[in-house]
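# Inside the fold
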Amino acid sequence: MSQTLDTSASAEDITKPRDSLDRRLHGVLHRMPALSPLVVLVIACVVFAVANPRFIRPENLSILLQQAAVVGSLAVGQTLVILTAGIDLSVGAIMVLATLVMGKLAFGGMPDVVAFLIGFALAVAAAFLNGLLVTRIKLPPFIVTLGTLSVFTALALIYAQGQTITLNPGTFLTWSGTVIPIGRFGLTVGVLMMLLLYIGFAYALRQTAWGRHLYATGDDPEAARLAGVRTSRVLLSAYVVAGAVIGIAAWILVGRINGADPNAGLNANLESITAVVIGGTSLFGGRGVVVGSLIGALIVQVFDNGLALIGVNPNYQVLAVGVLVIVAVAADQWIRSVKS
Amino acid sequence: MSEPVLQARGLAKTFGHVVGLDRVDLTLSAGEVLAVIGDNGAGKSTLIKCLSGAMVPDAGTISVEGRQVSFRTTQDARAAGIETVYQTLAVAPALDIASNLFLAREQRRPGVLGTVFRMLDTGAMKKQAKQRIDDLGITTLQNINQAVETLSGGQRQAVAVARAAAFGSKVVILDEPTAALGVRETGQVLRLIRDLRDRGLGVILISHNMPNVFEVADKIHIQRLGRRLGVITPRSHTPAEAVAIMTGAATLDPAQDADDLVDTPRNT
Ligand SMILES: Nc1ncnc2c1ncn2[C@@H]1O[C@H](COP(=O)(O)OP(=O)(O)OP(=O)(O)O)[C@@H](O)[C@H]1O
Ligand SMILES: [Mg+2]
């Protein structure tokens with residue numbers, strides 16, 4: 001047995017002597033898709049810290065995390081959908097609609113918990129609709145969610161009637177805005193909620209059959225189906241679970257802005273996709289880890305915050321993020337490509 | 001002879017204008033290797049997909065051990081004891097060998113971890129995967145932690161074969177399982193097929209390799225243009241004759257049809 005191993009190894013050494021470094025890098029990135037974004041994040045932090053020491057002050061880092069909480073949470077749901085080789089352009093719109101429902105109902109005197117549950121259920125139902133259109137009518141996710149993006153955005157604006165809602169801090173609905181001081185760090189409940197989402201889904205994707213089926217379905221749906229995975233159910237579950245995550249993100253957003261505003265979170269749809277893609281998850285499905293999306297969301301926030309601190313025109317931040325997205329997708333193509 | 005473990009009657013399947021299957025019958029007994037041969041596009045894969053739940057036939061009936069079944073998914077067929085190696089292999093590239101073996105039949109940890117937290121028992125599955133691969137005598141898969149996409153075509157085929165052979169309890173269907181295999185590995189698969197037969201399972205083998213077919217098959221089902229032409233045995237015909245029938249150059253004498261179809265009661 002060891003003999004066959006040896007012969008195959010030496011045969012490979014003879015045929016592939018030169019590009020071993022290239023192949024090793026390929027292998028490492030293949031196994032750890034979040035590694036390169038992590039390196040980018042660390043380098044960016046070091047550069048900004050050197051350029052302006054205020055960057056690594058706990059107060060600044062705390063604000064940075066608080067700013068990343070909403071998009072970071074949405075990116076968890078987006079990761080689930082993208083892992084199935086889908087995409088959800090409507091996550092931000094659903095979130096905004098949910099915040100308005102939560103905010104308006106609570107403002108109208110409904111108990112916070114009930115208002116939250118109704119908004120949460122609405123987010124799940126909206127995502128369920130996306131999932132149904134994708135799995136039952138078999139429309140491409142991009143088209144489905146492009147449509148529902150408009151529908152939910154319009155519904156949010158119609159429902160808001162041009163109002164923004166302001167709620168009192170410290171209530172159940174705005175609880176996520178409560179600051180928990182840890183030394184000089186001030187983490188909000190919303191940040192902790194986001195971190196819990198990441199821990200929970202890192203576990204679910206790695207340690208449960210559902211996670212494996214999600215990867216298998218995203219990787220090669222026909223193979224997964226033949227192997228006995230109920231792919232249609234898995235796909236639908238990805239959208240629905242993403243809906244639940246969106247419901248939590250809505251809660252975090254309400255706490256962050258102490259209310260609801262139809263214009264808050266306008267860019268959250270694309271920002272969540274940006275975070276996932278920069279985080280090393282493949283748009284072609286089946287590859288990536290959820291923690292990558294956290295790193296991706298943080299990278300965007302670090303660029304935003306760091307460039308502002310060193311006095312660079314904010315437009316360069318947008319430019320830098322755009323470049324990162326393209327680099328990330330190019331890297332993914334390379335990583336996915338079969339070694340020739 | 002023994003009661004057929006798997007029986008199909010009048011299976012039909014069309015794809016738009018293309019006829020995939022045209023009223024095909026098939027009988028497989030326990031402890032028997034039934035080869036299915038036919039030219040490209042003869043409907044071999046379509047036939048076994050209907051038998052394994054991967055496709056729902058437009059018409060016809062399937063019964064397992066005399067009981068009529070209607071498979072909507074491959075899970076249904078698996079639950080009935082039918083495991084399949086598809087021509088496309090149906091392995092998940094990014095998952096490792098052990099995970100592929102246990103795909104869609106994962107085992108969870110005992111206790112709360114498994115029931116409440118749905119935690120997979122990765123260790124147990126790996127151990128069992130290794131054990132089963134060793135038991136099957138498949139030597140091409142050394143490291144069960146290796147992702148399937150890093151394997152050679154032949155090794156991937158071995159994964160698919162191992163999965164079907166390890167879990168099949170009544171019927172194992174193999175759609176060209178040796179197409180990418182070397183001589184030694186092909187020998188392993190043929191031996192495995194005999195082992196399965198000796199354990200009392202029914203085996204359906206699709207292959208274009210006539211020497212292999214004539215080596216292991218008890219009966220040979222000939223498929224042409226979606227139709228079943230008939231069933232021969234390695235004793236009743238030579239490989240050359242089989243090829244001649246399969247390609248339409250010769251016709252099968254109905255008196256020589258080895259299918260015991262006529263004796264078995266219809267089940268509708
Ligand atoms: N999913 C499908 N959609 C449309 N046509 C199909 C489909 N599957 C099979 N066919 C058609 O049905 C016929 C039978 O195909 P099938 O794959 O069963 O042949 P086969 O005997 O397995 O051939 P091969 O030896 O090449 O594997 C072919 O004409 C094929 O084009
Ligand atoms: Mg075929």
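For clarity, every value in this text was computed on a predicted model and none was experimentally measured.

### Concerning the coordination of the magnesium ion (ligand 2)
All names here are of chain B. Ser45 (OG) and Gln87 (OE1) make up the full set of protein donors to the magnesium ion (ligand 2), lying at 1.9 to 2.1 Å. One end of the pair, serine 45, is in helix H1 (residues 44-51); the other, glutamine 87, is in the loop between strand S6 (82-85) and helix H3 (97-101), and 42 residues separate them in sequence. Owing to a relative accessible area of 41%, glutamine 87 belongs among the partly exposed residues under this scheme.

### Focus: the UniProt feature "transmembrane region" (unreviewed entry) in chain A
All names here are of chain A. The sites that UniProt annotates as "transmembrane region" (unreviewed entry) are residues 32-51, 89-107, 113-135, 142-162, 182-205, 234-254, 266-284 and 316-335. In this annotation, residues 113-135 is assigned 100% helix and 0% strand; the end-to-end C-alpha distance for the span is 32 Å. With 58% helix and 0% strand, residues 266-284 has end C-alpha atoms that lie 26 Å from one another.

### Observations regarding the interface of chain B and chain A
On the side of chain A, 23 residues touch chain B, which itself brings 28 residues to the contact. Between chain B and chain A we count 1 salt bridge in total. Note that glutamate 149 of chain B is salt-bridged to arginine 287 of chain A, the shortest N-O span being 2.9 Å. Scanning the region where chain B abuts chain A turns up 12 residue pairs in polar contact (both at pLDDT 80 or more). Contributing elements (two or more residues each) for the side of chain B that touches chain A: helix H2 (74-79) and helix H5 (122-135) of chain B. If you tally residues by element for the side of chain B that touches chain A, the top one is H2 of chain B, at 3 residues.

### Considerations on the packing of aromatic side chains
Summed over the entire model, instances satisfying the criterion amount to 8 aromatic pairs over all chains. Both rings, one in tryptophan 175 of chain A and one in tryptophan 251 of chain A, keep their centres 6.0 Å apart while their planes meet at 40 degrees; by these two values the pair is tilted. Of this pair, tryptophan 175 of chain A sits in the loop between strand S1 (165-166) and strand S2 (179-182) while tryptophan 251 of chain A sits in helix H11 (residues 231-257), and the two are 76 residues apart along the sequence. The class of tryptophan 175 of chain A is partly exposed, set by a relative accessible area of 42%. Centre to centre, the rings of phenylalanine 102 of chain B and phenylalanine 167 of chain B are 5.4 Å apart; their planes meet at 80 degrees, and the pair counts as edge-to-face. Here the residue phenylalanine 102 of chain B occupies a position in the loop between H3 and helix H4 (112-115), and phenylalanine 167 of chain B occupies one in helix H6 (residues 153-167), the gap between them amounting to 65 residues. Classification of phenylalanine 102 of chain B as buried rests on a relative accessible area of 1%. Residue phenylalanine 167 of chain B is classed as buried on the basis of its relative accessible area, which comes to 18%.

Conventions adopted
Residues numbered from 1 in each chain as written. Chains lettered and ligands numbered in written order. Predicted model: local features only at pLDDT ≥ 70, side-chain atom pairs only at ≥ 80, totals over all residues. Heavy atoms only, no water. Donors = N, O, S within 2.8 Å, 3.2 Å for Na, K, Ca; no water. Helix = DSSP H or I, 4+ residues; strand = E, 2+ residues; numbered from the N terminus. Buried < 20%, exposed > 50% of the residue type's maximum accessible area, 1.4 Å probe, protein only. UniProt positions renumbered as here; feature names shortened; annotations may be inferred. Contact = heavy atoms within 4.5 Å. Salt bridge = Lys/Arg side-chain N within 4 Å of Asp/Glu carboxyl O. Polar contact = N/O pair within 3.5 Å; in protein donor to acceptor, adjacent residues only side chain to side chain. Phe/Tyr/Trp six-rings, centres within 6.5 Å; stacked < 30°, edge-to-face > 60°.

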